[in-house]
Amino acid sequence: MKKRVTGIGGLFFKTKDPKAAKDWYKKHLGFNTDDYGSTFWWKDKEGKDCSTQWSPFAEDTKYFEPSKKDFMFNYRVENLEALLKVLKTEGVTIVGDMETYDYGKFAWILDNEGNKIELWEPIDAAFQ
């Protein structure tokens, strides 16, 4: 398996008031926000459209569990199913089951400090 992570797919963090956070970032930093946060579009080395998602979550979200941290990173990957097999053989903790949507496949792991990491095999075209 040559590639694992190919980029940052998202930055997710807890906040007391997600709407206020989105409004602040829109006003002061020019983020183009929607219900989910803000999507940043870029091109990879081959010129393919790619995205990175910035999203504030409510401070009581359970989405980052079992991690106790107030943030979670999402990394873009190639061939998530094969990567999960490799990570399992390497002793990495996999949280839950892989999920598939029209915009890609998702799975979750824990790093060496117990931080939950979301792995995403994206279908960026689904957002356009």
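First, a word on scope: everything that follows refers to the structure included in this document. (Residues numbered from 1 in each chain as written. Predicted model: local features only at pLDDT ≥ 70, side-chain atom pairs only at ≥ 80, totals over all residues. Heavy atoms only, no water.)

## Digging into the overall build of the chain
Counting secondary structure elements, the chain contains 2 helices and 8 strands. Secondary structure elements of the chain occur, N-terminal to C-terminal, as β-α-β-β-β-β-α-β-β-β. At 15 Å, the chain has a C-alpha radius of gyration in line with the 14 Å of a compact globule built from 128 residues. Each principal axis of the C-alpha atoms in the chain carries an extent, and together these give about 45 × 35 × 20 Å. Residue burial in the chain is summarised as follows: out of 128 residues, 34% are buried. Counting only contacts in the chain whose residues sit at least 6 apart along the sequence, the fraction spanning at least 24 positions is 58%. Here the chain has roughly 8,300 Å² of accessible surface; of this, 53% comes from carbon and sulfur atoms. (Helix = DSSP H or I, 4+ residues; strand = E, 2+ residues; numbered from the N terminus. Rg over C-alpha atoms; globule rule 2.2 N^0.38 Å. Buried < 20%, exposed > 50% of the residue type's maximum accessible area, 1.4 Å probe, protein only. Contact = heavy atoms within 4.5 Å. Areas by Shrake-Rupley, 256 points an atom, 1.4 Å probe, with all protein chains shown as cover.)

## Some remarks on the packing of aromatic side chains
A complete count under the given rule lists 16 aromatic pairs for this structure. With a centroid separation of 5.4 Å and 45° between ring planes, the pair formed by Phe 71 and Phe 73 is classed as tilted. According to the relative accessible area criterion, Phe 73 is partly exposed, its value standing at 35%. Taken together, Phe 13, Trp 24, Tyr 25, Phe 31, Phe 40 and Trp 54 form an aromatic cluster joined through their ring pairs. The positively charged end of Arg 76 is found above the aromatic ring belonging to Trp 120, 5.3 Å away from the centroid. In this structure, Lys 116 packs its charged tip against the face of Tyr 63, placed 5.4 Å from the ring centre. (Phe/Tyr/Trp six-rings, centres within 6.5 Å; stacked < 30°, edge-to-face > 60°. Lys NZ or Arg CZ within 6 Å of the ring centre and 35° of its normal.)

## Side note on the sheet that holds strand β3 (residues 37-43)
Spatially, β2-β3-β4-β1-β5-β8-β7-β6 is the arrangement adopted by the 8 strands of the open sheet, whose pairing is mixed. The open sheet terminates on both sides in strands that have one partner only, identified here as β2 (33-34) and β6 (94-101). Each of β1 (5-15), β2, β3 and β4 (49-58) is contacted by helix α1 (residues 18-29), which is oriented at about 130° to β4, the strand it contacts most. (Pairing = 2+ DSSP bridges. Axes fitted to C-alpha atoms, helices over the stretch in contact; angles between N-to-C directions.)

## Looking at the pairing of strand β5 (residues 71-77)
Examined bridge by bridge, β1 and β5 share 7 bridges and lie antiparallel to one another. Looking at β5, one finds that Gly 7 is bridged to Arg 76. Of the pairings in the sheet, the one linking β5 to strand β8 (residues 116-122) comprises 4 bridges and is parallel in character. Pairing of Asn 74 across the sheet is with Glu 118, part of β8.

## Structural notes on the environment of Phe 73
Position of Phe 73 relative to the elements: it lies in strand β5. Setting aside chain neighbours within four positions, we find Phe 73 in contact with Gly 10, Leu 11, Lys 116, Ile 117 and Glu 118.

## With respect to α1
Its 12 residues give α1 an end-to-end C-alpha distance of 16 Å, which sits within 8% of 16 Å, the value for a rise of 1.5 Å per residue. Positive backbone phi, approximately 75°, marks Gly 30, located one or two places after α1. (Expected span 1.5 Å × (residues − 1).)

## As for helix α2 (residues 80-89)
Of the residues making up α2, those classed as buried are Leu 80, Leu 83, Leu 84 and Leu 87. Seen along its axis, α2 keeps its buried residues to an arc of 100°; they face one direction. Counted as exposed and oriented over 90 degrees from the buried face of α2: Lys 85 and Thr 89. (Arc of directions from axis to C-beta.)

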